[in-house]
Amino acid sequence: AQRVTQPEKLLSVFKGAPVELKCNYSYSGSPELFWYVQYSRQRLQLLLRHISRESIKGFTADLNKGETSFHLKKPFAQEEDSAMYYCALAPSGNTGKLIFGQGTTLQVKP
Amino acid sequence: GAVVSQHPSRVICKSGTSVKIECRSLDFQATTMFWYRQFPKQSLMLMATSNEGSKATYEQGVEKDKFLINHASLTLSTLTVTSAHPEDSSFYICSARDYGPSGNTIYFGEGSWLTVV
């Protein structure tokens, strides 16, 4: 079965603290993994994709095929990082279809 | 960058009526668009894949006669919620993939809030 699991609904940290938003997936093929962010009252925006291996706004994510994980990390959280974060999987075939995790609300306190 | 736009952003309709939501790709062509539904504080659930010039592909459990999808051009897909009921109230989001020079990126619309009263 194709599934994306984000075990934490809410993650609350203080400004400057490290952040790790967990994501595990279940897929038999070679998926494409993404992290999307949704700030309050705004549309979903792409944050990271595993194939580009880039760092955006200080966030990084490494695909671990052995653990079927794609955790999102940032060493020092900022208040403006407060948002809803979704991990998503694109099944092979490159159609644009996405399977989303349940989402994690990141709350960065001053 | 490429933009996907939805209209209306909010709509209130009476129970039993139908309501149409549009999804447009503004500066790229999309042969395929996707419709999602999002309940408050929950994830996005894929409802259907909209295919330009052919029938939409619905996910399991989604009533195709209830949620009519039309993709008549390379830049426009519409979702019509027919005979709406209060339980259809939700946030509907569309997306499209841009395979163009700017990169292989999926863009999302701003979403449409539907309230059925």
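As a reminder, the structure under discussion sits directly above these lines.
The text that follows walks through the structure, step by step, so that each part is easy to find. (Residues numbered from 1 in each chain as written. Chains lettered and ligands numbered in written order. Predicted model: local features only at pLDDT ≥ 70, side-chain atom pairs only at ≥ 80, totals over all residues. Heavy atoms only, no water.)

**So, the overall build of chain A**
- The helix and strand inventory of chain A stands at 0 helices and 11 strands.
- On C-alpha atoms alone, chain A measures out to a radius of gyration of 13 Å, which is about the 13 Å that the 2.2 N^0.38 rule sets for 110 residues.
- With respect to the principal axes defined by its C-alpha atoms, chain A has extents near 40 × 30 × 25 Å.
- When the 110 residues of chain A are sorted by exposure, 45% land in the buried category.
- In chain A, the share of contacts with a sequence separation of at least 24, taken over all contacts with a separation of at least 6, comes to 57%.
- Accessible area for chain A stands at about 5,600 Å²; split by element, carbon and sulfur atoms hold 49% of it.
- For chain A, the distance from the average position of its 14 positive side-chain charges to the average position of its 9 negative side-chain charges is 6 Å. (Helix = DSSP H or I, 4+ residues; strand = E, 2+ residues; numbered from the N terminus. Rg over C-alpha atoms; globule rule 2.2 N^0.38 Å. Buried < 20%, exposed > 50% of the residue type's maximum accessible area, 1.4 Å probe, protein only. Contact = heavy atoms within 4.5 Å. Areas by Shrake-Rupley, 256 points an atom, 1.4 Å probe, with all protein chains shown as cover. Lys, Arg positive; Asp, Glu negative; His and termini not counted. Charge placed at Lys NZ, Arg CZ, Asp CG, Glu CD.)

**Here's the deal with unusual backbone geometry**
- For the bond from His 7 of chain B to Pro 8 of chain B, the omega torsion is 0°, close enough to zero to count as cis.
- In this fold, Pro 8 of chain B is placed in the loop between β1 (4-7) and β2 (10-13).
- At Thr 68 of chain A, a position not held by glycine, the phi torsion is positive, near 45°.
- Within the secondary structure, Thr 68 of chain A sits in the loop between β7 (60-61) and β8 (72-74).
- Accessibility expressed as a relative area gives 30% for Thr 68 of chain A, which makes it partly exposed.

**Concerning the pairing of strand β9 (residues 83-90) of chain A**
All names here are of chain A.
- For β9, the buried fraction is high: 8 of the 8 residues fall into the buried class.
- Alternating residues of β9 divide into Ala 83, Tyr 85, Cys 87 and Leu 89 and Met 84, Tyr 86, Ala 88 and Ala 90, and every residue in both groups is buried.
- Bridge analysis of strand β5 (residues 32-38) against β9 gives 7 bridges, and the strand direction is antiparallel. By the bridge assignment, Tyr 36 is partnered in β9 with Tyr 86.
- Pairing geometry for β9 and strand β10 (residues 99-100), over 2 bridges, is antiparallel. (Pairing = 2+ DSSP bridges.)

**Observations regarding the interface of chain B and chain A**
- Taken together, the contact pairs 21 residues of chain B with 18 residues of chain A.
- Here chain B meets chain A over a buried area of about 1,700 Å², counting both sides, of which 48% is carbon and sulfur.
- Scanning the region where chain B abuts chain A turns up 3 salt bridges.
- Measuring nitrogen to oxygen at the nearest pair gives 3.5 Å for the salt bridge that ties Lys 97 of chain A to Glu 59 of chain B. (Buried area = accessible area lost by both parts, 1.4 Å probe. Salt bridge = Lys/Arg side-chain N within 4 Å of Asp/Glu carboxyl O.)

**Thoughts on the sheet that holds strand β8 (residues 76-81) of chain B**
All names here are of chain B.
- Pairing in this open sheet of 4 strands is antiparallel, and the strands run β1-β3-β8-β7 from one edge to the other. Two strands close off the open sheet at either side, each with one partner strand: β1 and β7 (67-73). Across the sheet, the axes of successive neighbouring strands diverge by a mean angle of 20°, strand direction being ignored.
- As paired elements, strand β3 (residues 19-25) and β8 share 6 bridges and run antiparallel to each other. Residue pairing in the sheet places Val 19 in a bridge with Val 81 of β8. (Axes fitted to C-alpha atoms, helices over the stretch in contact; angles between N-to-C directions.)

In short, geometric facts, not functional conclusions.
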